[in-house]
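Next come the chains, spelled out residue by residue.
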Amino acid sequence: MDCSEVKQLLSAYYDDELSSGQRTAVAEHLAGCDDCARELEGFRNLSTLAEGLAHPEPPTHIWQQLEEQLDGDDARSTASPAGRVRDDAVNTRPAGPAVRRWGWTRKPVVRFGLAMAAAVLIAVGWLSSANWFKHDADHQIAAVFGAYLEEFRRDPHAAQQILLTKYEGQAVDAEQAIHTLGYRPVVANGMPEGYSVESTYVIKMPCCICVQCLCKRSDGTTIAIFEHDDEEPDWFGDRPETEAICNGKRCSIVDLGDRIAATWRHDKRHITVVGMRDTAEVDRLVAWFDD
């Protein structure tokens, strides 16, 4: 497929409305085309921001105060500087001593009130903008990783290309990873029986620089192992999450539909595994890496 064909299908690709063959063809094109990948990212970002954007409301009493002050200013504008009401004006309140006493200072007071109200509205707008940028930063990684997770269910290798296309990734072996990161990845010590390491990358994501491995089970299915410094809850957006104790460690378990992901602390870092079947498999991997 060329770019024009792919761009016509991006919306349907994002909404998962393509046939299996079309989806594979689009995913392969996206893996090698930065322009189309950026356009797809725009779909994800707009959708994610629209879902998560806060909408702060101005305080309700602001409007009442503004109306009262404006009404008062209009009524006073019909009076002369001495406080007397003109013959052709409609007087809605008595021109008593209080009006004459304060008539010459009210307008600055109203202006001050309007300025304060404007300041409040500006502050509300600033907070809304701040929230927009915060949500943008928080959800960018969730949007990309969310696309990765969705594609992982269909084709782990196509999903891998989403991360490698979006972020700078370098294929490494154990010794190269040590030189790049300053520590030995856990997978460098091998995997339990029934698993084999297929590929290892150092990926520079916005949140961290992590080691990511694709590992094959003996039945040909795939899991992905990420080793990273801190917990990264933003990776999984609003997907259902629970806690479990696996081999004596607290694990965060995320529901991915027919599979799960799990994150737990290992020494000074964290391990996240995507594509596991159940907590029994998590328990086995936690025990293996601890040993």
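Just above, that's the structure.
Cut-offs used in this document
Residues numbered from 1 in each chain as written. Predicted model: local features only at pLDDT ≥ 70, side-chain atom pairs only at ≥ 80, totals over all residues. Heavy atoms only, no water. Helix = DSSP H or I, 4+ residues; strand = E, 2+ residues; numbered from the N terminus. Buried < 20%, exposed > 50% of the residue type's maximum accessible area, 1.4 Å probe, protein only. Contact = heavy atoms within 4.5 Å. Areas by Shrake-Rupley, 256 points an atom, 1.4 Å probe, with all protein chains shown as cover. Phe/Tyr/Trp six-rings, centres within 6.5 Å; stacked < 30°, edge-to-face > 60°. Lys NZ or Arg CZ within 6 Å of the ring centre and 35° of its normal. Core = buried A, V, L, I, M, F, W, Y, C linked by side-chain atoms within 4.5 Å.

Caption draft 1: How the structure looks around the overall build of the protein chain. Secondary structure assignment for the protein chain yields 9 helices and 8 strands. Relative to its 291 residues, the protein chain shows a buried fraction of 39%. Relative to all contacts within the protein chain whose residues are 6 or more apart in sequence, the contacts with residues 24 or more apart total 56%. Entry remark: accessible area of the protein chain is about 16,300 Å², with carbon and sulfur atoms responsible for 52%.

Caption draft 2: Inspection of the packing of aromatic side chains at higher detail. Scanning the entire structure with this criterion turns up 7 aromatic pairs. With 4.8 Å between their ring centres and 25° between their planes, F145 and W235 make a pair best called stacked. Placement of the pair is F145 in helix α6 (residues 106-154) and W235 in the loop between β4 (222-228) and β5 (241-246), with a sequence separation of 90 residues. On the accessibility criterion, W235 (0% relative accessible area) is buried. Seen in terms of ring centroids, Y148 and F226 are 6.0 Å apart; in terms of plane orientation they differ by 85°. Their pairing is edge-to-face. Pair noted here: Y148 is in helix α6 and F226 is in strand β4, with a separation of 78 residues, a long-range link. Judged on exposure class, the residue Y148 and its partner F226 are both buried. Site record: aromatic cluster; members linked through ring pairs are F145, Y148, F152, F226, W235 and F236. Over the ring of Y13 we find R23, and its NZ or CZ is 4.1 Å from the ring centre. Taking NZ or CZ as reference, R269 lies 3.5 Å from the ring centre of Y183, over its face.

Caption draft 3: Seen up close, unusual backbone geometry. Of note in the backbone geometry, N247 takes a positive phi value of approximately 50° without being a glycine. By the secondary structure assignment, N247 is in the loop between β5 and β6 (249-255). One non-glycine residue, D267, adopts positive backbone phi at about 55°. Mapped onto the fold, D267 is located in the loop between β7 (260-266) and β8 (269-276).

Caption draft 4: Looking closely at the environment of C208. For C208, the position within the fold is in the loop between β2 (195-204) and β3 (209-217). Considered as a pair, C208 and D230 are 22 residues apart in the sequence and their alpha carbons are 8.1 Å apart. The contacts of C208, once residues within four sequence positions are left out, are I203, H228, E232 and W235.

Caption draft 5: Seen up close, the side chain of Q160. Turning to its location among the elements, Q160 is positioned in helix α7 (residues 156-166). Assessed through its relative accessible area of 3%, Q160 is described here as buried. The contacts of Q160, once residues within four sequence positions are left out, are Y148, S199, Y201, Q212 and L214.

Caption draft 6: Inspection of the nonpolar core at higher detail. Within the largest apolar cluster, 28 residues are counted, with the highest numbers of intra-cluster contacts made by I225, W264, V282, L285 and F289. Top contributing element to this core by residue count: helix α9 (residues 279-290), with 4 residues. Once residues lying within four places of it in the same chain are set aside, the contact partners of V282 are C246, C251, I253, I260, A262, W264 and M276. In terms of nonpolar packing, the next biggest core, distinct from the first, is built from 26 residues, L149, I162, Y201 and V274 among them.

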